[in-house]
Amino acid sequence: DPEEATYPCFEVCIKEEILFRSIADAEAKGARNYILVTRTLMLNSLMLTTDLFGDMPLSEAYKSNNPPYDSQEEVYEYLEQEFQDLLALYDERKT
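This is a predicted model, so every value here is computed, not measured.

1. Some remarks on the overall build of the chain
Here is step 1: Of the regular secondary structure elements, the chain holds 3 helices and 0 strands.
Here is step 2: Secondary structure elements of the chain, listed N to C terminal, follow the sequence α-α-α.
Here is step 3: Considering the chain as a whole, with its 95 residues, one finds that 28% of them fall into the buried category.
Here is step 4: Across the chain, the fraction of contacts at a sequence separation of at least 24, relative to all contacts at a separation of at least 6, is 52%.

Below you can see the structure in the form of structure tokens.
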């Protein structure tokens, strides 16, 4: 049933939106550890979502009620860049 297939994606998207807002809050407060944790959780959530559903809204997500979908390749490119950025941030924590 197509309606049942979309429900898990909706649930995952809601969780990602909560993480997205948490990251913005943490950045506004300068809460570095919280930024690292929430961005890592977001990275994992996005990876699992694209692994399960393929193409997904990313670049325009949370900006409208009907955002365009990014290709899975574009999502993986974003994930790779975000992973590299996070590695650099975690490395800064060592100093």
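2. Here we look at the nonpolar core
Here is step 1: I23, L36, M42, L43, L46, M56, V75, L79, L86 and L89 form the largest nonpolar core, which has 10 residues in total.
Here is step 2: Elements with a minimum of two residues in this core: α2 (32-53) and α3 (72-93).
Here is step 3: When near neighbours in sequence (up to four residues on either side) are disregarded, V75 contacts T50, M56, L58 and D70.

3. Here's the deal with the environment of S22
Here is step 1: Checked against the element boundaries, S22 lands in helix α1 (residues 2-29).
Here is step 2: The class for S22 is buried, based on a relative accessible area of 14%.
Here is step 3: Considered as a pair, S22 and T38 are 16 residues apart in the sequence and their alpha carbons are 6.9 Å apart.
Here is step 4: Once residues within four sequence positions are removed from consideration, S22 is found in contact with Y34 and T38.

4. A short note on the confidence of the model for the chain
Here is step 1: Mean pLDDT over the chain works out to 80, with 76% of the residues at or above the 70 mark.
Here is step 2: Ranking the elements of the chain by mean pLDDT puts α1 last, at 61, and α3 first, at 93.

5. Here's the deal with a negative patch on the surface
Here is step 1: Together, D55, E73, E74 and E77 make up a region of like negative charge exposed at the surface.
Here is step 2: By the element assignment, D55 lies in the loop between α2 and α3.
Here is step 3: Judged by its relative accessible area of 43%, D55 falls in the partly exposed class.

6. A closer look at the pattern of salt bridges
Here is step 1: One pass over the structure, following the stated rule, counts 2 salt bridges.
Here is step 2: Between E92 and R32 there is a salt bridge, with the nearest N and O atoms lying 2.9 Å from each other. Of this pair, E92 sits in helix α3 while R32 is found in helix α2, placing the two residues 60 residues apart along the sequence.
Here is step 3: Given a relative accessible area of 43%, E92 falls into the partly exposed group.

7. Comments concerning α2
Here is step 1: Under the 1.5 Å per step criterion, the end-to-end length of α2 is 31 Å for 22 residues, consistent within 8% with the ideal 32 Å.
Here is step 2: Listed as buried for α2 are I35, L36, T38, R39, M42, L43, S45, L46, T49 and T50.
Here is step 3: Just downstream of α2 lies G54, where phi reads positive at about 80 degrees.

Analysis parameters
- Once a new chain begins, its residue numbering starts again from 1 and follows that chain's sequence as written.
- Owing to the predicted nature of the model, reporting of local features is limited to residues with pLDDT of at least 70; listing and counting of side-chain atom pairs is limited to 80 or more, with chain, interface and lining totals taken over all residues.
- Hydrogens and water are ignored here; the side-chain numbers use all heavy atoms of the structure.
- Only DSSP runs of H or I reaching four residues or more are called helices, and only runs of E reaching two or more are called strands; each is numbered from the N terminus.
- For every residue, the accessible area obtained with a 1.4 Å probe (protein chains only) is divided by the maximum for its type, and the residue is called buried under 20%, exposed over 50%, and partly exposed between those limits.
- Whether two residues touch is decided by their heavy atoms; if any such pair falls within 4.5 Å, the residues are in contact.
- Only buried residues count toward a nonpolar core. Its members are Ala, Val, Leu, Ile, Met, Phe, Trp, Tyr and Cys residues joined through side-chain atoms within 4.5 Å.
- The quantity called pLDDT is the predictor's confidence in a given residue, expressed from 0 to 100.
- The patch calculation keeps residues exceeding 30% relative accessible area without a salt bridge and links them within 9 Å when they carry like charges or within 5 Å when they are nonpolar (Val, Leu, Ile, Met, Phe, Trp, Tyr).
- Per-residue accessibility takes into account occlusion by the displayed protein chains alone, with areas from the Shrake-Rupley method and a 1.4 Å probe.
- The rule for a salt bridge is simple: a side-chain nitrogen of Lys or Arg has to be within 4 Å of a carboxyl oxygen of Asp or Glu.
- Positive charges come from Lys and Arg alone, negative charges from Asp and Glu alone, with His and the N- and C-terminal ends not counted.
- We put the charge of a Lys on NZ, of an Arg on CZ, of an Asp on CG and of a Glu on CD.
- To estimate the expected span of a helix, subtract one from its residue number and multiply by 1.5 Å.

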